[in-house]
Amino acid sequence: MAKFSRENEITRLVILMKRKLLTPILALGVIVSANAETVHQGEMGFPEFEQPVVQGAPKLQRPVMLMAGDQPVKTEKHGLAAPALWDWDGDGKRDLLVGEFETGDVDLKEAGSTVRVYRNIGTDAKPEYDKNWIYARDTNGNVLVVHQWCCIGFTPQFVDLNHDGYQDMITGQYHPGEVTWFRGSKEGFLPGIKLEQYGYPSSKGFGGGVTNPESYNYWHYSTASFGDLTGDGLEDLVVGGSALRISANVGTKAEPKFGKRELLLDIHGQPLKMGHWTSEKIEQQRSEFGYSENWEPSISGAAKIQMVVVDWDSDGVLDILATDMYRRDTSMAVGFFRGVKTAEGHRFEPGIDLLPAKGGVKALPGSGNRVYVDDWNKDGVKDLIIGASIVTVNGGEFSSELTWQWEAVNGVESAGKDMGRREKPALDGFIYLKEDNGFSEEKIKGIYQMALGYWNRTQAKYTDMGKTDWLTMRHQGRVYVLLGEDTGTKAIAHQLSTDNSADKPKPKKKKRKLPVQYHVADSATVKPGEFLNVAVTLDVNEGWYIYAPTGRNELHGMAETNITFELPEGFELAGDMVLPEHHAKGMYEVYDGKGIELIQHIKVADTVAAGEYTINGKLSYQTCNAEMCLPPRTEAIAVKIVVE
């Protein structure tokens, strides 16, 4: 009884908070000890994290559950939640998008896998969300929806895939493995089309290799993210599932298409690992599920991997943050794979868990977590936004024992197979297989008997356990934000070579010419009341580039090109700086080539006396190429002004 009274007390505190009778608490939760095992209570009952130190990356604060009015931001249907930020209504404030999961075809419209839009009615730096959410719709007014046979849902990510100046929305698919492209436009997102991929997404039988386009395992659970991992200026497709793989963009800037999926490798040449299995864990799995003695975990040690490609440590090299089913203690809460440039191409350091919990307990609630990175509160530091699939019972009551315990330990299903939305199988419900698939009556009866047997076993199991409320279980999505804190550290991108030359004597270094040269006129003549132009011209060596001052690059930790001025009295800036046209390079917006001219108009007041004056300034920029990034530089500039 003590457990239930504590949960009731949590509910009472939440109600008081909503009525503003108590000061809001960031991490409301109770942790109790039961059977020598730590059990978390409540939707905010997070354990203490033991975060690893990642140079250049933010330190993450405790999770905060996002609210919409007096209710949690949530998804229903099958209960997965894939968060993203996007200014949906064009008011200059990023709204919260949450992709959700439902088994069904696009013809189901609102009933399929869709995106909820929670409008931001606060500010861009202090978001507050309207509880009256709407469905995301395309330019024809139709609900954005994708077919999902199983457990991905709509997982929105944004990238300007065809380099037309508009961000596009992309989502993957469970099976047969299509990636849907909602192209951005001035009016919004166009109806979805399928990305052109090597091979043909198919519904072939189970099994096969993850790099064999003729196999089921190659295509199923095609979660999708994008980043230029090949260094050619085109966004490559990264897919998850049972292995992290790259599908190189072999098309053009305007017409992307994607090649054969190949394994992403670590610096030792091994496939990236999300799960960590000991021999004891493998034997336990074989025993519990009746697997043969030859059974082994997947090549990644995990299943249903979802990821985002991002420069998490701001060293100029793309990394990967990834999650998986999160059903057992072999999983990482959020895997971090640091990107490294090598002679063989883009590689990654072996993954580490960004959110290991003290004592090895479960770090995040529920299962099937989805991760997204953005500067949620606009403080210049990356934040982590996580969608979690928590468990409710009895028509919506949060269940601590089902949410904070591993689903593999409790023996319950993950999102998509909830007992609370199932009905006892009836033979009539399988008759369609005769018409649609040509199955015989005998085969249909066999399938029905299997389904009925599973239903009866589950009913009996939970009843015998005294857990009849588990028969009402339904997953719901929740969204949490972990604010990033700037640690003041910097990560330096490093390269690895494989020529074993570390012990060879190194030649003396020659002084190298910097890859960026700049020029500014030494002097100018002007009369009182007139305008003058200060023009700074940059020449960037072939293969190098600098970051345009658009604000997008700063979000990913890169120093943008900028000029600041110290003006004499009577001189003032006249408008914004005139900037040349930039272009996209992966997730960044850059300048390259010769004659990059930045112009600042300056007004000289009528009252300025004749004579000589000096305009001082500072030019700052950061230079990168496909292999490395140099530290940001600041150059002093000065222009002598003669007022006649």
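Our structure is the block above this text.
What you see is a predicted model; the values in this text were computed from it and never measured.

### Overview of the overall build of the protein
Next, step 1: Within the protein, the secondary structure is distributed over eight helices and 45 strands.
Next, step 2: Counting the 644 residues in the protein, one finds 49% classified as buried.
Next, step 3: In the protein, once contacts between residues fewer than 6 apart in sequence are set aside, the share between residues at least 24 apart is 62%.
Next, step 4: When the accessible surface of the protein is summed, it comes to about 30700 Å², and 51% of that surface belongs to carbon and sulfur atoms.

### Some points on the pattern of salt bridges
Next, step 1: For the structure shown, the criterion picks out 21 salt bridges.
Next, step 2: Where Glu349 meets Arg338, a salt bridge forms, and the shortest distance between an N and an O atom there is 3.6 Å. Placement of the pair is Glu349 in the loop between β26 (345-348) and β27 (352-353) and Arg338 in the loop between β24 (335-337) and β25 (339-342), with a sequence separation of 11 residues.
Next, step 3: Taking the relative accessible area as the measure of exposure, Glu349 reaches 25% and is therefore partly exposed.
Next, step 4: Note on Arg338: relative accessible area 12%, which makes it buried.

### As for helix α7 (residues 441-464)
Next, step 1: Its 24 residues place the ends of α7 34 Å apart at the C-alpha level, agreeing with the 34 Å of an ideal helix rising 1.5 Å per residue.
Next, step 2: Considered for burial, the residues of α7 that qualify are Ile444, Tyr448, Leu452, Gly453, Trp455, Thr458 and Tyr462.
Next, step 3: At the C-terminal side of α7, Gly466 shows a positive phi close to 75°.

### With respect to the nonpolar core
Next, step 1: In this structure, Trp312, Leu321, Val334, Leu354, Leu355, Leu364 and Leu384 are the most contacted members of the largest nonpolar core, which totals 31 residues.
Next, step 2: Where this core is concerned, the elements lending two or more residues are β22 (306-310), β28 (367-374), β29 (383-393) and β31 (474-482).
Next, step 3: Of the residues forming this core, the biggest block, four residues, is contributed by β29.
Next, step 4: Beyond its immediate chain neighbours, meaning those up to four positions away, Leu384 contacts Leu60, Trp312, Leu321, Val334, Leu355, Val371, Tyr372, Val373, Tyr480, Val481 and Leu482.
Next, step 5: If you look at the next biggest cluster of nonpolar residues, it comprises 27 residues, including Leu538, Trp544, Tyr591 and Ile641.

### Regarding the environment of Leu66
Next, step 1: Within the element layout of this structure, Leu66 appears in the loop between β4 (64-65) and β5 (67-68).
Next, step 2: Separated by 319 residues in sequence, Leu66 and Ile385 place their C-alpha atoms 9.7 Å apart.
Next, step 3: When sequence neighbours within four positions are dropped, the list of residues in contact with Leu66 reads Pro72, Val73, Leu96, Tyr129, Trp376, Val479 and Val481.

### Some details on the sheet that holds strand β21 (residues 258-263)
Next, step 1: Strand order in the open sheet made by the four strands is β18-β19-β20-β21, with antiparallel pairing throughout. In this open sheet, the two edge strands, each paired with only one partner strand, are β18 (224-227) and β21. For this sheet, the mean inter-axis angle between neighbouring strands, taken without regard to orientation, is 25°.
Next, step 2: Bridge count between β18 and strand β19 (residues 236-239): four bridges; the pairing is antiparallel. Bridge assignment links Gly227 to a residue of β19, and that residue is Asp236.

### A short note on the packing of aromatic side chains
Note on aromatic pairs: each is described by the distance of the centres and the angle between the planes.
Next, step 1: Following the criterion strictly, the structure yields 17 aromatic pairs and no others.
Next, step 2: Judged by centre distance (5.2 Å) and plane angle (85°), the ring pair of Phe46 and Tyr480 falls under edge-to-face. Taken as a pair, Phe46 in the loop between β2 (37-41) and β3 (59-60) and Tyr480 in strand β31 lie far apart in primary sequence, 434 residues in all.
Next, step 3: Residue classification places Tyr480 among the buried positions, given a relative accessible area of 2%.
Next, step 4: Cluster of aromatic residues (ring-pair linked, three or more members): Phe46, Phe49, Trp404 and Tyr480.
Next, step 5: Positioned above the aromatic ring of Trp133, the side-chain terminus of Arg116 is 3.9 Å from the ring centre.
Next, step 6: Stacked on the ring of Trp406, the Lys or Arg Lys362 has its end atom at 5.4 Å from the ring centre.

### Observations regarding the sheet that holds strand β43 (residues 611-621)
Next, step 1: The four strands lie next to each other as β35-β45-β43-β38, forming an open sheet whose pairing is mixed. Looking at which strands have only one partner, the edges of the open sheet turn out to be β35 (523-526) and β38 (562-566). Taken over all neighbouring pairs, the strand axes of this sheet differ in orientation by 30° on average, direction set aside.
Next, step 2: Note that β43 and strand β45 (residues 633-643) share 11 bridges and pair antiparallel.

### Some thoughts on the side chain of Ser400
Next, step 1: If you trace the backbone, Ser400 turns up in helix α4 (residues 400-403).
Next, step 2: On the basis of relative accessibility, which here comes to 1%, the residue Ser400 falls in the buried class.
Next, step 3: Side-chain polar atoms of Ser400 contact the backbone nitrogen of Gly42, separated by 3.0 Å.

### Things to note about the environment of Thr114
Next, step 1: When you line up the elements, Thr114 lands in the loop between β9 (95-99) and β10 (115-118).
Next, step 2: Thr114 sits 22 residues away from Ala136 along the chain, and the two C-alpha atoms are 7.5 Å apart.
Next, step 3: Not counting residues up to four positions away in its chain, the partners in contact with Thr114 are Lys77, Val98, Gly99, Glu100, Lys109, Tyr135, Val143, Leu144, Val145 and Phe154.

About the criteria used
- Residues numbered from 1 in each chain as written.
- Predicted model: local features only at pLDDT ≥ 70, side-chain atom pairs only at ≥ 80, totals over all residues.
- Heavy atoms only, no water.
- Helix = DSSP H or I, 4+ residues; strand = E, 2+ residues; numbered from the N terminus.
- Buried < 20%, exposed > 50% of the residue type's maximum accessible area, 1.4 Å probe, protein only.
- Contact = heavy atoms within 4.5 Å.
- Areas by Shrake-Rupley, 256 points an atom, 1.4 Å probe, with all protein chains shown as cover.
- Salt bridge = Lys/Arg side-chain N within 4 Å of Asp/Glu carboxyl O.
- Expected span 1.5 Å × (residues − 1).
- Core = buried A, V, L, I, M, F, W, Y, C linked by side-chain atoms within 4.5 Å.
- Pairing = 2+ DSSP bridges.
- Axes fitted to C-alpha atoms, helices over the stretch in contact; angles between N-to-C directions.
- Phe/Tyr/Trp six-rings, centres within 6.5 Å; stacked < 30°, edge-to-face > 60°.
- Lys NZ or Arg CZ within 6 Å of the ring centre and 35° of its normal.
- Polar contact = N/O pair within 3.5 Å; in protein donor to acceptor, adjacent residues only side chain to side chain.

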